[in-house]
Amino acid sequence: MLFFDTWLKLRNAGILGLNARNREYIMRHNPRHRYPLVDDKLTTKRLAIEAGIAVPQLYATFETEHDLQKLGERLAPYSEFVIKPAHGSGGSGVLVIDGRRKDLVVKPDGRGLTLDEVEFHVSNILSGIYSLGGVRDDAMVEYRVRVDPVFDPVSYQGVPDIRLLVYRGVPTMAMVRLPTRQSDGKANLHQGAVGVGIEIATGLTVHGVWQNRTITEHPDFGVSLSNIEIPNWPRLLELGARCYELTGLGYLGVDIVIDRTHGPLLLELNARPGLAIQIANRRGLRGRLEAIDRLEDIPATALARCELARELFRVH
Amino acid sequence: MRFSAVFVLAFICAATGLTVAWLKVDRLSVPLDPTAEATVWDVEARVAFEGRGQPAKVTLTLPDTPPGFALLDEDFVSRSFGLAIRAADAGRPRQAVWTVRRASGAQALYYHMKVYPKREEVAPDPGPAPTFPEVPEYAEPLRSAIEAVLARTRAQSADINTFTGLLVADINKSDDENVKLIRKSATEETWAKMLTEVLAGARIPSRIVYGLPLEQDFVDTPLTAWLEVHDGERWHGFDPQTGRNGYPQNFLVWSYDDPRITASKGVRAVEVGFSANKTPMTQLSVANRVESKLDTGLMALSLNDLPVRTQNVYRVLLMVPLGAFVIVLMRGVIGVPTFGTFMPVLVALAFRETKLVAGIALFLIVVSAGLAIRVALTQLRLLLMPRLASVLVIVIGLMLGVSLLSAKLGIEQGLSIALFPMVILTMTIERMSIVWEERGPATAIKEFIGSLFVAVCGYFAMTEPRLVYLMSTFPELLLVVLAMCLCFGAYTGYRLSEILRFRDLAKR
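Residues numbered from 1 in each chain as written. Chains lettered and ligands numbered in written order. Predicted model: local features only at pLDDT ≥ 70, side-chain atom pairs only at ≥ 80, totals over all residues.

Please clarify how the overall build of chain A should be interpreted in this entry.
When helices and strands are counted, chain A shows 10 helices and 14 strands. On C-alpha atoms alone, chain A measures out to a radius of gyration of 20 Å, which is about the 20 Å that the 2.2 N^0.38 rule sets for 316 residues. Seen through its C-alpha atoms, chain A measures out along the principal axes to roughly 60 × 45 × 40 Å. Looking at chain A as a whole, 47% of its 316 residues qualify as buried. (Helix = DSSP H or I, 4+ residues; strand = E, 2+ residues; numbered from the N terminus. Rg over C-alpha atoms; globule rule 2.2 N^0.38 Å. Buried ≥ 20, exposed ≤ 12 C-beta atoms within 10 Å, placed from the backbone.)

In C-alpha cells, the structure reads:
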C-alpha cells in the first residue's frame, strides 16, 4: 500500500497533521477566551503598542457607515496606506494604496481608484464580507510597509511577511511568504504565494513550498530561494517570542514584516497557524514541539527563549 | 489522560447501546432483518371424554415455560365448563382445571397456544442437578441380563453420554440374548420408562420428557417420549429408539416424567390428542407479542408508542446522526473540503425526499442559477444583509419557477424542489461566490464538488433501508453512533488528503 507507506514515512518524519495539531496543540495550549485578542487586529495592535512591540502605525479606523462620510478627509494626509478588515483572514479584503494621481488613489499595479470605490470597499469590510462568519467588522487604515530590499529579487509586488511559529513562547519554526504573480501580490500560500523555510538558528532561508510542493527557485523569477539572510533576525525572533506574553496563546503563528526603515513590525497573530511551514522547512513540527515539551522549564524572558531556540534547533 | 477518558466514555456508550440492542434480539427475538419471517406454531391440545351425567372435573397439564420457545398467546375453549389455571407449584406442573356440575355425552375441551421457536436446537431445562438414583431391585433373570449389558457397555464407553448412547442403541438393535430379554420386558408405552430403569442400574440420573416435535403440521397425535440423561452438569437428550444424542427439531416440551397429562373425575374415555400447524408471521410482530407477554420494558425505547406522524419524523431524525457521522469521516479522516459543517447533511436530507438524481439536478440548477445572479448582484455593491436576503428571495423564486415548470411538463420530481432547505441553498451560494472571488473558481468548484460528494454519501447512509430499519427499531444504537463520533473526536492521525499534501516530505 503506497498510501500506508507514505503515512508511515510522514509519521516517522514527525509531520504534524491537522487533526493532531487541533487536538494536541491548539486545544491544549490555546484557551478559547483568548482568541478575540488575535482575531481582532485592532486589539492585537493595541496590546502590542502597550507592550512596546513595534507595529505598523495605525492611521485611522472606520467602525460605522457614518464614519465613511469623513473617509476622504481622514485619508487626506496619506498617499500610501493599507486598508484592511480587523477580522480578516488570509489577506482577504486588504487594499494597498501606494500613491495618488489627481483625484485617484493608486494601487501597486497602477490601477487608480476613486474615493467612492475606496468607500465601497470599506463599506464591504464593515458589512462583514471578509470576516469569519460574516459578522460585521471594523476597517483599519495603517502604514504601508516598505519592504526591506533583501526581498526585492524574490517577490512579485506585495509585501513578503515572515511567519514564525511560537510554541509556549519559544520560536519553533519560521518561513517567509513571498507573493507571486499567481497570488496577486498577496503573501497568502492558499492564493499561490511561495513559502520559504528559514533556519531558526541562523536566519538563512532554506527551501521553498509552492502549491504544497517543494521548490528551490522562485516560480516567477527563477532565482534561488535558499541562503537569503533575513535582516535583523535576532530582533525578529525576540519580537515573535514576546507575543506569547502578549496573548497567552501557547501555539501561536506570528506574522512579521520587515520594513526598510522601521525593521521588524508585528503584522498579525494567528491562533490556528497552518502546517505548510513544515513543507517549506522540509521538516516535521512534532520533533521540535516535543523537544520543547521535554524541557523542565521554559525561560521567562523572550530573549532567553530565543537563545534556547537557537540552541535547540541548530541544524548541522 | 484526556485520551483515555474519551475512550472510556465511548466504550460505555457503545456497550450500553449494543447491550440493549442485543437483549432485544436475544430475549424478544427482534429481527435484525426487517423482512425476516418467523414461523409461529399453533398448537392445540384436545381433551375428549364422555360425561356420565354427574359432576365432572378434568385436569390438563400445561407447559409453563417450554425451553427454546417463546409463548406468544394461549387460550382455552371451555364450553360450559368452569376453568381455573393452577400455577406451577412445588414440583406440580401448571395445570388447567375444568369443572362442571353435570357433564353428559361426548365432550371436547381445547387448549390452544401460539409458540415461537427461538432456536433450532432445544436447550434443556436447566433445573437443579438430580441425585444419583438407587439401583432398582430387578427380578431374575432380568437382573443378570441387565448387569451383563451394563458391564459390557461400560467397557466400551468413555463417559455418561457415550454410555447412554451405546446402551440405548444396543437395547434397540442387538441380537444378544440378554438384550432380547430386556427388550421383551417392556411394551411400546413403557419403553422409555424401561430405559430409565436400566440406566438407574448404572446409577445414572435420567428422566423422560414428553413433548411435540414441531416439524410438520400434524393432527391428533400423542406426545412423543424422549430420554434425558444428566451428566453432572446438564441434561442431554437421547432418542429412545436409536440412542442418538440430541432432540428432535423444535421439540416443544409439554411435561416431565409423567406420561399421564390428564386427570379426571366423573367422566370416562378421556383421550388427549395434539394438533399443530405453522403460520408465518413477520418476526417484528412476533417480537412485539413476546414483549407484551414478558413485559421486559426493553421496547420502551421504541418508536411504536408514538403517534404515526411523529414516528415518521423520528424515523428521519434518527438517520441524521449517521449523516453527521459520514461528514465526520469525510472531513476528519479523508479530508474532503466542504462548504460549512452540516450543509451536506441538510442537502442529503433533501435528496431523501427528491430522490438522488432529481435532487442533484435540482440542486445544480438552483445553485448555478443563484450563483450567476449573485455575481450580477456584486456589480450593484449591495450591503451584506440586504444582499443575502435578495439571494434568498431569488432562490425561492427559482424554486417556485422550477416547480411550476415541471408541473407544466408533468415532471413530478421537479415539484419536490420545495423540500430543499432554502436558507442552506442561499448560504451555499453566498459562500461559494465569496470563495470564487477570493480563491478562484478552482477552489470554489472543488469545495462544491466536495460538498455534493459528501451529501451523496450522506444520502446513501441515511436512506439505506437496513440502516433505517436498525435505527428506528433499535434507537439505542444512537449511543453507538455517539461512541463512534467520540472516538473520531480523539483521532489525531493524518487525513488522507494530507498524505497527498505532504507527500514531498515523505520522499527523503
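There's plenty left to go through after this.
How do you make sense of the overall build of chain B when you look at a structure like this?
When helices and strands are tallied, chain B shows 15 helices and 11 strands. Taken over C-alpha atoms, the radius of gyration comes to 36 Å for chain B, far larger than the 23 Å a tight globule of 508 residues would show. Residues counted as buried form 33% of the 508 residues belonging to chain B. When contacts within chain B are restricted to residue pairs at least 6 apart in sequence, those whose partners lie at least 24 apart make up 78%. (Contact = placed C-beta atoms within 7 Å.)

Would you mind going over unusual backbone geometry with me for this structure?
If a residue is not glycine, its phi is most likely negative; likewise, a peptide bond is most likely trans. Even without glycine at this site, Asn-227 of chain A takes up a positive phi of about 60°. Inspection of the secondary structure assignment puts Asn-227 of chain A in the loop between β12 (213–215) and α7 (233–247).

I'm lost on the interface of chain A and chain B in this one. Help?
Many authors give the size of an interface as the accessible area that is lost as the parts come together. Opposite the 28 residues of chain A that make contact, chain B presents 21 residues. Those elements that place two or more of their residues in the side of chain A that touches chain B are α1 (2–12), α2 (18–29), α6 (115–127), β12 and α8 (276–281) of chain A. A class-by-class count of the residues in the side of chain A that touches chain B yields 10 nonpolar, 13 polar and five charged. (Nonpolar A, V, L, I, M, F, W, Y, C, P; charged D, E, K, R; others polar.)

Teacher, can you tell me more about the pairing of strand β5 (residues 206–213) of chain B here?
Along any regular strand the residues' side chains alternate between the sheet's two faces. Residue and element names in this part refer to chain B. Here six bridges tie β5 to strand β7 (residues 224–230), and the two strands are oriented antiparallel to one another. Residue pairing for β7: Ile-208 is matched across the bridge by Leu-227. In this sheet, strand β9 (residues 251–256) lies alongside β5 in antiparallel orientation, the contact comprising five bridges. By the bridge assignment, Val-209 is partnered in β9 with Tyr-256. (Pairing = 2+ DSSP bridges.)

Looking at this structure, how should I read the domain arrangement of chain A?
All names here are of chain A. As far as domains go, chain A holds domain 1 (2–53 + 147–312) and domain 2 (58–142). Relative placement of domain 1 and domain 2: their C-alpha centres are 27 Å apart. A total of three residues in the side of domain 1 that touches domain 2 trace back to one element, the largest contributor, which is helix α4 (residues 41–51). Of the residues assigned to the side of domain 1 that touches domain 2, the class counts are two nonpolar, four polar and five charged. (Domains from an automatic or database assignment.)

I tried to follow the sheet that holds strand β14 (residues 263–270) of chain A on my own but got confused; where do I start?
By definition, the strands of a sheet pair up through backbone hydrogen bonds, in either a parallel or an antiparallel sense. Residue and element names in this part refer to chain A. Strand order in the open sheet formed by seven strands is β12-β11-β10-β9-β8-β13-β14, with antiparallel pairing between adjacent strands. If you trace the sheet from one side to the other, it starts and ends with β12 and β14, each paired once. Averaged over all pairs of adjacent strands, the angle between strand axes in this sheet comes to 30°, irrespective of strand direction. (Axes fitted to C-alpha atoms, helices over the stretch in contact; angles between N-to-C directions.)

Sorry, what's going on with the sheet that holds strand β5 (residues 104–106) of chain A here?
Residues and elements named next belong to chain A. Across the sheet, which stays open at both edges, the three strands sit in the order β4-β5-β6 with antiparallel pairing between neighbours. A strand with exactly one partner marks an edge of an open sheet, and here the two such strands are β4 (99–101) and β6 (112–113). Here β4 runs beside β5; their pairing, made up of three bridges, is antiparallel. The residue bridging Arg-101 from the neighbouring strand is Leu-104, located in β5.

Which parts of the structure should I look at to understand the environment of Ile-258 of chain A?
Residues and elements named next belong to chain A. Secondary-structure assignment places Ile-258 in strand β13 (residues 251–259). Residues Ile-258 and Thr-44, 214 residues apart in the sequence, show an inter-C-alpha distance of 18 Å. Setting aside its immediate chain neighbours within four residues, Ile-258 contacts Val-147, Asp-148, Pro-231, Asn-232, Gly-263 and Pro-264.

Where do I start with the domain arrangement of chain B in this structure?
Residues and elements named next belong to chain B. In terms of domain boundaries, chain B breaks down into domain 1 (36–131 + 206–300), domain 2 (133–204) and domain 3 (310–498). Here the C-alpha centre of domain 2 lies 30 Å away from the C-alpha centre of domain 1. The interface is formed by 14 residues belonging to domain 1 together with 16 residues belonging to domain 2. Only β5, β7 and β8 (235–238) provide two or more residues apiece to the side of domain 1 that touches domain 2. Of the residues that constitute the side of domain 1 that touches domain 2, the class distribution is six nonpolar, six polar and two charged.

When you look at the packing of helix α8 (residues 320–334) of chain B against helix α9 (residues 343–354) of chain B in this model, what are you seeing that I'm missing?
Between two packed helices, the angle of one axis relative to the other and the distance separating the axes together describe the packing. All names here are of chain B. One way to put it is that α8 packs onto α9 with a least axis distance of 9 Å and a crossing angle of 135°. Comparing the axis directions of α8 and α9 gives the class oblique. In this structure, the crossing between α8 and α9 has a hand that is right-handed. Between α8, through Val-320, Gly-323, Ala-324 and Ile-327, and α9, the contact on the second element is made entirely by Pro-344, Val-345 and Ala-348. A class-by-class count of the residues in the contact of α8 with α9 yields six nonpolar, one polar and no charged. (Parallel < 35°, antiparallel > 145°, perpendicular 65-115°, else oblique. Left-handed = near helix turned anticlockwise from the far one by under 90°.)

Explanation requested: the environment of Ala-407 of chain B in the structure shown.
Residue and element names in this part refer to chain B. Here Ala-407 lies in helix α11 (residues 384–409). What makes Ala-407 exposed here is the crowd of 12 C-beta atoms within 10 Å. In sequence terms Ala-407 and Asn-277 are 130 residues apart; their C-alpha atoms lie 54 Å from each other.

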